[in-house]
Amino acid sequence: MTERAAVKAALKTQAVETPSWAYGNSGTRFKVFAQQGVPRTPQEKLDDAAKVHEFTGVAPTVALHIPWDEVDDYAALARHAEDRGLRLGAINSNTFQDDDYRLGSVCHPDAAVRRKAVDHLLECVDIMDATGSKDLKLWFADGTNYPGQDDIRARQDRLAEALAEVYGRLGDDQRMLLEYKLFEPAFYTTDVPDWGTAYAHCLKLGPKARVVVDTGHHAPGTNIEFIVATLLREGKLGGFDFNSRFYADDDLMVGAADPFQLFRIMYEVVRGGGLSGDVAFMLDQCHNVESKIPAIVRSVMNVQEATAKALLVDRDALAAAQREGDVLGANAVLMDAFSTDVRPLLREVREEMGLDPDPMAAYARSGWAEKIVAERVGGEQAGWGA
Ligand code: AOS
Ligand code: ZN
Ligand code: ZN
């Protein structure tokens, strides 16, 4: 296989998971702008996700959020997905929305609240059994706002205890993906604030526990690709929540704010063997002012473009320059790949997959946007804006 053919083959097999909540209305704490035609049910979210997969060819799974995607029959929801060429992906838990969680969930000082939170997580594993989902994605809003508010170490003990109980419930093929976030909604301490804390818990739990890197969850200037390289090296990178940030946890389209950072991250993924392994490439975005399905199509394409550039790095030339201590030469090898216009290559990839080379235009022509505006009238949609 030529090098170009190998790059194309890798791009055809990369899968990007889209999040159910990105299809629905969302907003800031100031306002949720309702858009016409947004899904009213989990099934309609899957219908939209099927369009993203139809036009990109690389978005075959959809992450669910419980309870936003609560249904009576999860096996039937999985069949709804399969009928549209999709599978259900990670199950995202919610231990942040109830009044009971004012002081935390699994780290709460009251054992009764902790029990409620752990029971929800166990219920999420039951749902995974029904949907065939492999990953339980855990993000905890737990933390404190004021020094002295609670005991930092005791909260870690409570977290470890809760995680161990849920870990014990996982099936042989199921994993627990633990997400970290620097701050928000807590502003003084967050109980899983960084990759080191997540890694320490995952290491103790065992091989089924992995760390999730949400690209929007770091302090400005953090070298995310270093974290990715380290976690891959340790066999502990479970996946990504891809998005872009300018300021805090902005949840904007991945690759929009800093395509160079996304390229650097994807280079470490390629370098560390993460493309052919079990790293989950998920989006975690909210589209507050832009059209949702096109924004998700664009995001998938942005991941593909960064991946293509990462695959094009001449690794032999890079290794040679590094060995020789050729600082500028090594940097140039990387920058050559980043500066390559990979859009023609990706158009070829899509044509070879039997797709329209321009997914944005193909979606616009498809009439789906007009159809859902006409048909989806009434009903309320759950999610960030609910
Ligand atoms: C929150 O900031 C995290 O990014 C979560 O991954 C995610 O947005 C949430 O779990 C959606 O359910
Ligand atoms: Zn996230
Ligand atoms: Zn987030």
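Note that the structure is predicted; figures quoted are calculated from it, not measured. (Residues numbered from 1 in each chain as written. Chains lettered and ligands numbered in written order. Predicted model: local features only at pLDDT ≥ 70, side-chain atom pairs only at ≥ 80, totals over all residues.)

Time to look at the sheet that holds strand 3 (residues 87-92). Around the barrel, 8 strands lie side by side as 1-2-3-4-6-8-9-10; this closed barrel has parallel pairing. Mean inter-strand twist for the sheet, computed between neighbouring axes without regard to direction, equals 30 degrees. With 4 bridges connecting them, strand 8 (residues 209-214) and strand 9 (residues 237-242) associate as parallel partners. Across the sheet, residue V211 finds its bridge partner in strand 9, namely L237. (Pairing = 2+ DSSP bridges. Helix = DSSP H or I, 4+ residues; strand = E, 2+ residues; numbered from the N terminus. Axes fitted to C-alpha atoms, helices over the stretch in contact; angles between N-to-C directions.)

Counted residue by residue, strand 9 has 6 buried out of 6 residues, so it is predominantly covered. You can see the chain leave strand 8, run along helix 7 (residues 224-233) and come back into strand 9, and the turn it takes is right-handed. Bridge count between strand 9 and strand 10 (residues 280-283): 4 bridges; the pairing is parallel. When the sheet's bridge partners are listed, F240 is paired in strand 10 with F281. You can see the chain leave strand 9, run along helix 8 (residues 259-271) and come back into strand 10, and the turn it takes is right-handed. (Buried ≥ 20, exposed ≤ 12 C-beta atoms within 10 Å, placed from the backbone. Right-handed = clockwise from strand over helix to strand, strands pointing away.)

As a further point, take the site of ligand 1. Around ligand 1, the neighbouring residues are W21, H65, N92, W139, E179, K181, D214, D241, D249 and D284. Grouping the amino acids of the shell around ligand 1 by side-chain chemistry returns 2 nonpolar, 2 polar and 6 charged. (Near = placed C-beta within 6 Å. Nonpolar A, V, L, I, M, F, W, Y, C, P; charged D, E, K, R; others polar.)

Residues given the UniProt feature "domain: Xylose isomerase-like TIM barrel" (unreviewed entry) here are residues 49-245. The straight-line gap between the two end C-alpha atoms of residues 49-245 is 23 Å; of that span, 40% is helix and 18% is strand. (UniProt positions renumbered as here; feature names shortened; annotations may be inferred.)

Buried within helix 12 (residues 343-352) we find L345, L346, V349 and R350. Projected down its long axis, helix 12 shows its buried positions confined to an angular sector of 140 degrees, all on one face. Across helix 12 from its buried face, at more than 90 degrees, point the exposed residues P344 and E351. On its buried face, helix 12 sits against helix 1 (3-13) and helix 9 (292-311). (Arc of directions from axis to C-beta. Contact = placed C-beta atoms within 7 Å.)

Counting buried residues along strand 3, 5 of its 6 residues qualify, which places the element largely inside the surrounding structure. Of the strand pairs in this sheet, strand 2 (residues 61-65) and strand 3 are connected by 4 bridges, and their pairing is parallel. The residue of strand 3 that forms the bridge with L64 is I91. Taking the sense of rotation as the criterion, the β-α-β connection linking strand 2, helix 3 (residues 74-83) and strand 3 turns out right-handed. Relative to strand 4 (residues 135-138), strand 3 runs parallel, the two being bridged by 2 bridges. Bridge pairing in strand 4 places N92 opposite K137. Tracing the backbone out of strand 3, into helix 4 (residues 111-131) and back to the parallel element strand 4 gives a crossover that is right-handed.

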